[in-house]
Amino acid sequence: MASTYNFKALSILLIDDAKPMADLLGSILKELGVGKITVHTDAKRSMELLDSVATLQTQGTPAIDIVISDWRMEPTSGIELLKWIRNHNSDGIRFMPFIMLTAYSDHARVMAARDAGANEVLAKPVSVHNLVRRLLSVIENPRPFVACSTYFGPDRRRKSIPINFPDRRKTSPH
Amino acid sequence: MSDKPQLIRPRNTMLERLGGRPGVPGKIDEALLKKAEDRIAEVGASYPDRVKADLEKLVALANQAATDADRRAEAITGINLIVHEIRGEGATFGYPLLTKFASSLFKFTDGLTSPNERQLALIKAHVDVMTAVVKGGIKGDGGPLGAQIDQSLAMAIEKYAAHKP
């Protein structure tokens, strides 16, 4: 039987420089019962916060579980923040689930977010249904990370397609 | 970093902490989902007031683009930034027609650096209809009038986009 989630233990960092959207998303997460919501309108501030909690992330309960960030922001964009996270020297930060929020819905942009290491892309207009779907995907189906010379981030292969040759990727627990 | 790809399974305690079970899709309390939906409607009711400042900025920037050749490119970039936000917000708050016109203006101004007079007039026309949508509280798709305005703008863009300097 399916269990009902209690989001009280969930901590989300939300970044959007457009205040109406930041306020709305914060309110939706609050109504869904998310225990801790940190809202920033500047990605630089988020970088400072993430740096300050880096050590805590790998010990006990993480200070932040999921980052939701808008793409187009000034002076630091969501893509820059995502790349900074994926290149962080702390495992607690660089493996952090990241949901990219964007009004760009074209395929090329979605692929660019994926290639930068986003776990999910949440296209605007935002609905409760779409937000919840992205959250549940990150919570229930955390994809393994791929590390190679050209990419570090969640496995971009979402489907398990049978291949008729050996998988060259070496698997290791974190 | 090695050339050989590595597959890493990061430690993830979220599922366990939130009361979920591996391999079993969980659910969210229907009452909470309803409350979240209601919250969007509630915030949406005050959206016309909140977007008013952005629309006023758009009017000022459209005027600047039309009258100040030296600061024209800067004004177009400013318009493009604002309508990008509005296109994401409009439909979220119950104004899909506003999103439609904002998207149209976003695409039209994207990469536009030296607009001619007709293109400037088209920018102003977009700003005018967006202002009318908000002032008139036109929610939903705006019916036949919305479709008509949308079609007229699309035709004008098609005509002028080909002449982008």
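Not measured: the values here are computed from a predicted model. (Residues numbered from 1 in each chain as written. Chains lettered and ligands numbered in written order. Predicted model: local features only at pLDDT ≥ 70, side-chain atom pairs only at ≥ 80, totals over all residues. Heavy atoms only, no water.)

Moving on to the overall build of chain B. Secondary structure summary: chain B contains 7 helices and 1 strand in total. On C-alpha atoms alone, chain B measures out to a radius of gyration of 22 Å, which is more than a quarter above the 15 Å that the 2.2 N^0.38 rule sets for 165 residues. In terms of overall dimensions, chain B has a C-alpha envelope of 60 × 50 × 25 Å along the principal axes. Taken across its 165 residues, chain B has 44% of its residues classed as buried. Each charge class in chain B was averaged separately, 23 positive and 21 negative side chains, and the resulting centres sit 4 Å apart. (Helix = DSSP H or I, 4+ residues; strand = E, 2+ residues; numbered from the N terminus. Rg over C-alpha atoms; globule rule 2.2 N^0.38 Å. Buried < 20%, exposed > 50% of the residue type's maximum accessible area, 1.4 Å probe, protein only. Lys, Arg positive; Asp, Glu negative; His and termini not counted. Charge placed at Lys NZ, Arg CZ, Asp CG, Glu CD.)

What holds strands together in a sheet is hydrogen bonding between their backbones, with the strands either parallel or antiparallel. Residue and element names in this part refer to chain A. Reading across the sheet, the 5 strands line up as β2-β1-β3-β4-β5 and stay open at both edges, with parallel pairing between neighbours. The sheet terminates laterally at β2 (36-40) and β5 (120-123), the two strands that pair on one side only. The mean angle between the axes of side-by-side strands here comes to 20°, regardless of whether they run parallel or antiparallel. Note: strand β3 (residues 66-70) against strand β4 (residues 98-102), 4 bridges, orientation parallel. Each residue of the ladder has a partner; that of I68, found in β4, is I99. In this fold helix α1 (residues 19-31) packs onto β1 (11-15), β2, β3 and β4, with an angle of close to 165° to the strand it touches most, β1. (Pairing = 2+ DSSP bridges. Axes fitted to C-alpha atoms, helices over the stretch in contact; angles between N-to-C directions. Contact = heavy atoms within 4.5 Å.)

With 46 residues of chain B at the interface, the matching set in chain A holds 60 residues. For chain B, the biggest contributors to the area lost against chain A are L7, I8 and L18 of chain B; these three give 15% of the whole. Put simply, chain B and chain A have 4 salt bridges between them. The residue D23 of chain A makes a salt bridge to R50 of chain B at a minimum N-O spacing of 2.7 Å. Counting every contact that joins chain B to chain A gives 15 residue pairs in polar contact (both at pLDDT 80 or more). (Buried area = accessible area lost by both parts, 1.4 Å probe. Salt bridge = Lys/Arg side-chain N within 4 Å of Asp/Glu carboxyl O. Polar contact = N/O pair within 3.5 Å; in protein donor to acceptor, adjacent residues only side chain to side chain.)

Another aspect to go through is the confidence of the model for chain B. Residue and element names in this part refer to chain B. On average, residues of chain B carry a pLDDT of 89, and 95% of them reach 70 or more. Across chain B, the element-wise mean pLDDT spans from 79 in helix α7 (residues 143-161) up to 95 in helix α3 (residues 47-67). Taken together, the chains of this predicted complex give a pTM of 0.87 and an interface ipTM of 0.83. (pLDDT = per-residue confidence, 0-100.)

Right, let's get into the pattern of salt bridges. One pass over the structure, following the stated rule, counts 16 salt bridges over all chains. With a closest N to O distance of 3.8 Å, E85 of chain B and K124 of chain A form a salt bridge. Separated into two different chains, E85 of chain B in helix α4 (residues 72-92) and K124 of chain A in the loop between β5 and α6 (128-140) make up a pair that spans both. When its relative accessible area of 12% is taken as the criterion, E85 of chain B is described as buried. K124 of chain A gets classed as buried once you look at its relative accessible area, which sits at 7%.

With that settled, consider the pairing of β3 of chain A. Along any regular strand the residues' side chains alternate between the sheet's two faces. Residues and elements named next belong to chain A. Burial analysis of β3 places 5 of its 5 residues in the buried class, which makes it a mostly covered element. Relative to β3, β1 runs parallel, the two being bridged by 4 bridges. The residue bridging L14 from the neighbouring strand is I68, located in β3.

Residue and element names in this part refer to chain A. Running from N to C, helix α3 (residues 78-86) and helix α5 (residues 107-116) cross one another at 25°; their axes reach a closest spacing of 9 Å. Here α5 runs roughly parallel to α3, going by the angle between their axes. Residues I79, L82, K83 and R86 of α3 pack against A112, A113 and A116 of α5. (Parallel < 35°, antiparallel > 145°, perpendicular 65-115°, else oblique.)

The subject of this paragraph is the pairing of β1 of chain A. All names here are of chain A. Buried residues dominate β1, accounting for 5 of its 5 residues. Side chains S11, L13 and I15 project from β1 onto one buried face, and the interleaved I12 and L14 project onto a second face that is buried too. When β1 meets β2, the two strands line up parallel, connected through 5 bridges. Paired with S11 across the bridge in β2 is K36.

Bringing the nonpolar core into the picture now. Core analysis: the biggest nonpolar cluster contains 94 residues, and F7, I66 and I68 of chain A together with M130 of chain B have the highest contact counts within it. Residue contacts for M130 of chain B: discarding those within four places in its chain leaves L55, L58, V83, I86, L98, F101, A102 and L105 of chain B. Of all hydrophobic cores here, the second largest spans 5 residues; its members include F95, F145 and F152 of chain A together with I8 of chain B. (Core = buried A, V, L, I, M, F, W, Y, C linked by side-chain atoms within 4.5 Å.)

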